[in-house]
Amino acid sequence: MGNGQWYPREWPDLIRGLADGTLTPVTPRRAATVMLLKDTGAGPVVHMLRRRASMAFAGGAYAYPGGGVDSRDDDHHVHWAGPTRAWWADRLGVGEAEAQAIVCAAVRETYEEAGVLLAGPAPDSVVEDTTGPQWEADRAALVARELSFAEFLERRGLVLRSDLLGAWTRWITPEFEPRRYDTWFFVAALPKGQRTRNASTEADRTVWIRPAEAAASYDKGELLMMPPTIATLRQLTPYATAAEALVAAPERDLTPVLAQARLEEGEIVLSWPGHDEFTKHIPTGGAPA
């Protein structure tokens, strides 16, 4: 049985189009995703959701809460706790306004898709309860993009807790994909008192699972995942607590991982630098091996 690597059947044709110049790469959209952890007696578990099979991108695959950056969060003043915007800009390799928007996206998407909010009324606090009709109305407005996250924080008088996030890795969708994202992966611990729920219209299931268990299920072909997801799961397995992973985050390399496709001895070789397990060999006229 093969593993659970997500591999769309249209990729070989797209790769050939890129190679012969008939396909022009689209500009990737900035995005953020969060590996939300909580401690258990058997070690930390990570919150994952399964994308609905009907989704155009990665349908049926397991992933983390995440999504695109809202450009409205670039320049709107946000009450901020933790490392400065300048620190985050240096860490993420972008300008200060972009750094704010990327961090906002990470916190917003975790709230939109998991109901967990990394913000509080003071720089050293977090909201304890995000349930109730008023909270849900605001969450729905965020999902519909009727409200920016910066406006949401201001309306609620909340401080964004950037100190509860750790930047972990960065992956860019391959150049031949029609939907491309430049995604920063973050790690965070579930705040005390808050609970996750499946608040996403894009997911049909959510689970808390040990990274090693999820990776083993992928290896057996039981869980479908994109390369960045299984790669980050494997990276999380050495840590005994969520706090250990957060401590390790600032030292992680954020050099973007971008798939490469090359023609070699009559076949297309698709690879992700530094991640040999995802390499695919695609005959010029056939399916990948």
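Starting from 1, residues in each chain are numbered consecutively following that chain's sequence as written. Residues qualify for local features only when their pLDDT is at least 70, as the model is predicted, and side-chain atom pairs are given and counted only at 80 or more; totals for whole chains, interfaces and linings, by contrast, use all residues. Only hydrogens and water are set aside when side-chain values are computed; all heavy atoms of the structure are taken into account.

Caption draft 1: Structural context of the packing of aromatic side chains. Two aromatic rings, drawn from Phe, Tyr or Trp (for Trp, its six-membered ring), form a pair once their centres lie within 6.5 Å of each other, and the interplanar angle then sorts them: stacked below 30 degrees, edge-to-face above 60, tilted otherwise. Going through the model one piece at a time under the given rule, you end up with 10 aromatic pairs. On the numbers, 6.4 Å between centres and 90° between planes, the contact of tyrosine 64 with phenylalanine 185 is edge-to-face. Placement of the pair is tyrosine 64 in the loop between strand E3 (62–63) and strand E4 (66–68) and phenylalanine 185 in strand E9 (residues 181–189), with a sequence separation of 121 residues. Burial classes follow relative accessibility: with a 1.4 Å probe on protein chains only, a residue under 20% of its type's maximum area counts as buried, one over 50% as exposed, and anything between as partly exposed. Exposure remark for tyrosine 64: the relative accessible area of 5% places this residue in the buried category. Between tryptophan 87 and tryptophan 88, the aromatic rings sit 5.0 Å apart at their centres with planes inclined by 85°, giving edge-to-face as the arrangement. For tryptophan 87, a relative accessible area of 37% translates into the label partly exposed. Connected via pairs of aromatic rings, a cluster forms that spans Tyr111, Trp135, Phe149 and Phe152. Over the aromatic face of tryptophan 135 sits the side chain of arginine 156, whose NZ or CZ is 3.7 Å from the ring centroid. Secondary structure follows DSSP: runs of H or I at least 4 residues long count as helices, runs of E at least 2 residues long count as strands, and numbering of each begins at the N terminus. In this analysis the charged atom, NZ for Lys or CZ for Arg, is taken to sit over a ring once it is within 6 Å of the ring centre and within 35 degrees of the ring normal.

Caption draft 2: Expanded view of the packing of helix H2 (residues 85–92) against helix H3 (residues 96–114). In the contact formed by H2 and H3, the axes pass within 8 Å of each other and the chain directions differ by 85°. Taken together, the axes of H2 and H3 are roughly perpendicular relative to one another. Contacts between H2 and H3 pair Arg85, Ala86, Trp88, Ala89 and Leu92 from the former with Glu96, Ala99, Gln100, Ile102 and Val103 from the latter. Split into classes, the residues belonging to the contact of H2 with H3 amount to seven nonpolar, one polar and two charged. Angles run from 0 to 180 degrees between N-to-C directions of axes, and those axes are lines fitted to C-alpha atoms, restricted for helices to the stretch in contact. These descriptions rest on fixed angle ranges, namely under 35 degrees for roughly parallel, over 145 for roughly antiparallel, 65 to 115 for roughly perpendicular, and the rest for oblique. In this description, contact between two residues means that some pair of their heavy atoms is separated by no more than 4.5 Å. Throughout, the ten residues Ala, Val, Leu, Ile, Met, Phe, Trp, Tyr, Cys and Pro are labelled nonpolar, Asp, Glu, Lys and Arg are labelled charged, and all others, Gly among them, are labelled polar.

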